[in-house]
Amino acid sequence: MPSADVVAAARGADAGIWSLMPVCKNFLYALPNKPFEYVAAGIPVLAAELPEVKREILDPGLGYGFSHSDPASIAAAVARLRADPDIRRRVLDARFEPDWPKPPAIYDALCTAPTTALLGSCINQAKREAHF
């Protein structure tokens, strides 16, 4: 599915599930798009309890965490989600409208600008447009 369609498609789900095996530091401290796409879609997140996803998604109450390699932990997270009558409201309150089209436009402007402009107005314009 194209990335631009993920949020709309996820809106029909009961929850979004994300997991990653922390086989290296890059994976351990990953902060992937997928959990944020689920929140943007207004659905709760079930996610592996890795540090950054825990801090940004689970600790604010937007879903429940599990141990990535423990089926009982995953089942317990699903049970907690099903037993939480307020989870959907919390996620909807936290929901945001993603501005994902903006960064590619900024990068395109930087890549197509004359070299001399990169040190001047193009970078300044990109900074003004980058509100994230």
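(A) Just the overall build of the chain, in detail. Across its full length, the chain holds nine helices and three strands. In sequence order, the secondary structure elements of the chain are arranged as α-β-α-α-β-α-β-α-α-α-α-α. Here the chain, with 132 residues, has 33% of them falling under the buried criterion. Here the analysis covers contacts within the chain between residues at least 6 apart in sequence; of these, 51% occur between residues at least 24 apart.

(B) Quick look at the side chain of Ser73. Topologically, Ser73 is positioned in helix 5 (residues 71-82). A distance of 2.8 Å separates the side chain of Ser73 from the backbone nitrogen of Ser67, its partner in a polar contact. Residues within four places of Ser73 in sequence aside, it is in contact with Phe66 and Ser67.

(C) Quick look at a nonpolar patch on the surface. A contiguous nonpolar patch, built from Met21, Val23 and Phe27 and spanning about 300 Å² of accessible area, is present on the exposed surface. Mapped onto the secondary structure, Val23 falls in the loop between strand 1 (16-18) and helix 2 (25-28). Take Val23: its relative accessible area is 59%, and that puts it in the exposed class.

(D) Spatial organisation of the pairing of strand 2 (residues 45-48). Every second residue of strand 2 is oriented toward a common face, with Val45 and Ala47 on one face and Leu46 and Ala48 on the other, all of them buried. Relative to strand 2, strand 1 runs parallel, the two being bridged by three bridges. The partner of Trp18 across the bridge, within strand 2, is Ala47. Of the pairings in the sheet, the one linking strand 2 to strand 3 (residues 63-66) comprises four bridges and is parallel in character. Paired with Ala47 across the bridge in strand 3 is Gly65. Taken together, strand 2, helix 4 (residues 51-58) and strand 3 form a β-α-β motif whose crossover is right-handed.

(E) Seen up close, the environment of Leu62. Take Leu62: it is sitting in the loop between helix 4 and strand 3. Judged by relative accessible area, which is 8%, Leu62 ranks as buried. Taking the C-alpha atoms as reference points, Leu62 and Pro44, 18 residues apart in sequence, are found 5.7 Å from one another. When neighbours within four sequence positions are excluded, Leu62 is seen to be in contact with Val39, Pro44, Val45, Glu56, Ile57, Ile87, Arg90, Val91 and Ala94.

(F) Focus on the sheet that holds strand 3. Across the sheet, which stays open at both edges, the three strands sit in the order 1-2-3 with parallel pairing between neighbours. Both edges of this open sheet fall to strand 1 and strand 3, since each of them pairs with a single strand only. Here the average twist between neighbouring strands, direction ignored, is 15 degrees. Contacts from helix 5 reach strand 2 and strand 3, with the element oriented near 165 degrees to strand 3.

Quick notes on the rules
Residues numbered from 1 in each chain as written. Predicted model: local features only at pLDDT ≥ 70, side-chain atom pairs only at ≥ 80, totals over all residues. Heavy atoms only, no water. Helix = DSSP H or I, 4+ residues; strand = E, 2+ residues; numbered from the N terminus. Buried < 20%, exposed > 50% of the residue type's maximum accessible area, 1.4 Å probe, protein only. Contact = heavy atoms within 4.5 Å. Polar contact = N/O pair within 3.5 Å; in protein donor to acceptor, adjacent residues only side chain to side chain. Patch = residues over 30% accessible without salt bridge, like charges linked within 9 Å, V, L, I, M, F, W, Y side chains within 5 Å. Areas by Shrake-Rupley, 256 points an atom, 1.4 Å probe, with all protein chains shown as cover. Salt bridge = Lys/Arg side-chain N within 4 Å of Asp/Glu carboxyl O. Pairing = 2+ DSSP bridges. Right-handed = clockwise from strand over helix to strand, strands pointing away. Axes fitted to C-alpha atoms, helices over the stretch in contact; angles between N-to-C directions.

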